[in-house]
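A closer look at the structure
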Amino acid sequence: MTDTRMPRFVAGFIGLPLLLAACAAPHQPIPKYVAPQTGPTARLLMRGTMDPGDRYGVFLFDNASDCKGMRIAAAGGPQRDPAAVTIPASGISTVDIFVSKADKTYCRVRWSFSPRPGGSYVVTPRSTPGGCTGLILDASDVDKMKPEATLLRRDAPGNACVPLASSKSLAQLVAQGGANGTAAARPPAAAASGAQLPGSSVTDDDLKALTSP
């Protein structure tokens, strides 16, 4: 009786191109954020302080608790801030502040907070020599802007989405002398322009598309 089973090494050669094709699949652009059409809302503004060549993106999530369903809400660069966006004010919102630096390193700060209906908030990305900082200010009273009281830091070393129950408030971080809105720069995933950055679905090209003239 003839053995019609495919030799293992042949099956391996057939499967290899499929595996390589899957690995080489192009990065899918992050979908754009869509403002709510009903329910209570608040305004989210961006005011960045970027070094030449640096860019920042502000991302929101469909599932704020689990940091799932990332959507790009705005992007800016040196002396170039985007228009305000409208966000829901009926629960928790999670904001990812992502900075792509001129040397292709990157950093991020991720906060959750509870917007108040009719409130105004300002995201403040800032380039630093070793990375970036980012806070969310309560700007409902423009003469008395202050860090938003409900902020919870969602990212930590090795974990881009700390569970809400384990997240620390800004007040706790300040009291412990921790990173109260700072993040260290990380190396690029590869030398190729637009390569996917580790630990994130964001690429440098996602920001370029929104900040290019």
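The coordinates are above.
Residues numbered from 1 in each chain as written. Predicted model: local features only at pLDDT ≥ 70, side-chain atom pairs only at ≥ 80, totals over all residues. Heavy atoms only, no water.

1. Brief notes about the overall build of the protein chain
As a reminder, the rule being used: Per the convention used, a helix needs a DSSP run of H or I reaching at least four residues, while a strand needs a run of E reaching at least two, with both numbered from the N terminus. Here's how the labels work: a residue is buried when its accessible area is under 20% of the maximum for its type, exposed when over 50%, partly exposed in between, all with a 1.4 Å probe on protein chains only. Any pair of residues with heavy atoms lying within 4.5 Å of one another is described as a contacting pair. Residue burial considers only the protein chains on display, and all accessible areas are found by Shrake-Rupley using a 1.4 Å probe.
Assigned secondary structure in the protein chain consists of three helices and 14 strands. Of all 213 residues assigned to the protein chain, the portion counted as buried reaches 40%. A sequence separation of at least 24 residues applies to 64% of the contacts in the protein chain between residues at least 6 apart. Split by element, the accessible area of the protein chain, about 11600 Å² in all, is 59% carbon and sulfur.

2. Describing the environment of Val95
As for its placement among the helices and strands, Val95 is situated in strand S5 (residues 93-100). Expressed as a C-alpha distance, the spacing of Val95 and Met70, which sit 25 residues apart in the sequence, is 9.6 Å. Residues within four places of Val95 in sequence aside, it is in contact with Leu44, Val58, Phe59, Leu60, Val109, Arg110, Trp111, Phe113, Val123 and Ile136.

3. Concerning the sheet that holds strand S11 (residues 146-147)
The criterion, for reference: In short, DSSP must find at least two bridges between two strands for them to pair.
Overall, mixed pairing links the five strands, which are arranged S4-S1-S7-S10-S11 in an open sheet. The open sheet is flanked by strand S4 (85-88) and S11, the only strands paired with a single partner.

4. Quick word on unusual backbone geometry
The phi dihedral of Cys67 falls on the positive side, at around 55°, and the residue is not glycine. Positive phi is not limited to glycine here, since Gln79 has a value of about 55°. In this fold, Gln79 is placed in the loop between strand S3 (68-76) and S4.

5. Structural notes on the side chain of Arg108
Rule in force here: Nitrogen and oxygen atoms within 3.5 Å of one another constitute a polar contact, given that in protein one can donate a hydrogen and the other can accept it, and given that sequence-neighbouring residues count only through two side-chain atoms.
With respect to the helices and strands, Arg108 occurs in strand S6 (residues 106-113). For Arg108, a relative accessible area of 4% puts it in the buried group. Within the structure, the side chain of Arg108 is placed 2.7 Å from the side chain of Asp96, a separation counted as a polar contact.

6. So, the pattern of salt bridges
Once their charged atoms are close, side chains differing in charge can pair, the charge on each being opposite to the other. The line we're drawing: A pairing counts as a salt bridge when a side-chain nitrogen of Lys or Arg comes within 4 Å of a carboxyl oxygen of Asp or Glu.
A full pass over the atoms with the stated rule returns six salt bridges. Asp96 is the salt-bridge partner of Arg110, the closest N and O atoms lying 2.6 Å from each other. Of this pair, Arg110 sits in strand S6 while Asp96 sits in strand S5, placing them 14 residues apart in sequence. For the pair formed by Arg110 and Asp96, the shared burial category is buried. Here Asp155 and Arg153 are joined by a salt bridge, their closest N and O atoms 2.6 Å apart. Arg153 gets classed as buried once you look at its relative accessible area, which sits at 8%. One network of salt bridges, in which partners are shared, links Asp96, Arg108 and Arg110.

7. A closer look at the packing of aromatic side chains
To keep things clear, this is the line we draw: For Phe, Tyr and Trp, rings pair up if their centres lie within 6.5 Å, where Trp contributes its six-membered ring, and each pair is then called stacked (planes under 30 degrees apart), edge-to-face (over 60) or tilted (otherwise). We call a charge positioned over a ring when the NZ of a Lys or the CZ of an Arg lies within 6 Å of the ring centre and within 35 degrees of the ring normal.
The final tally for this structure, using the stated rule, is two aromatic pairs. Aromatic pair Phe98 and Tyr106: ring centres 5.3 Å apart, planes at 15°, arrangement stacked. Its relative accessible area of 0% is what places Phe98 among the buried residues. If you follow Arg153 out to its NZ or CZ, it ends over the ring of Trp111, 5.6 Å from the centre.

8. Some thoughts on the state of the cysteines
Our working definition: We call a pair of cysteine sulfur atoms a disulfide when they lie within 2.5 Å.
Tallied over the entire structure, the rule returns two disulfides. The disulfide bridge from Cys67 ends at Cys161, spanning 2.1 Å between sulfur atoms. On the sign convention where negative means left-handed, the S-S torsion of about 80° between Cys67 and Cys161 marks this disulfide as right-handed. One end of the pair, Cys67, is in the loop between strand S2 (55-63) and S3; the other, Cys161, is in the loop between strand S12 (152-153) and strand S13 (168-169), and 94 residues separate them in sequence. Paired by a disulfide, Cys107 and Cys132 hold their sulfur atoms 2.2 Å apart. Linking Cys107 in strand S6 with Cys132 in strand S9 (residues 131-133), this pair joins segments that are 25 residues apart in sequence. In this structure, Cys107 and Cys132 share a single accessibility class: buried.

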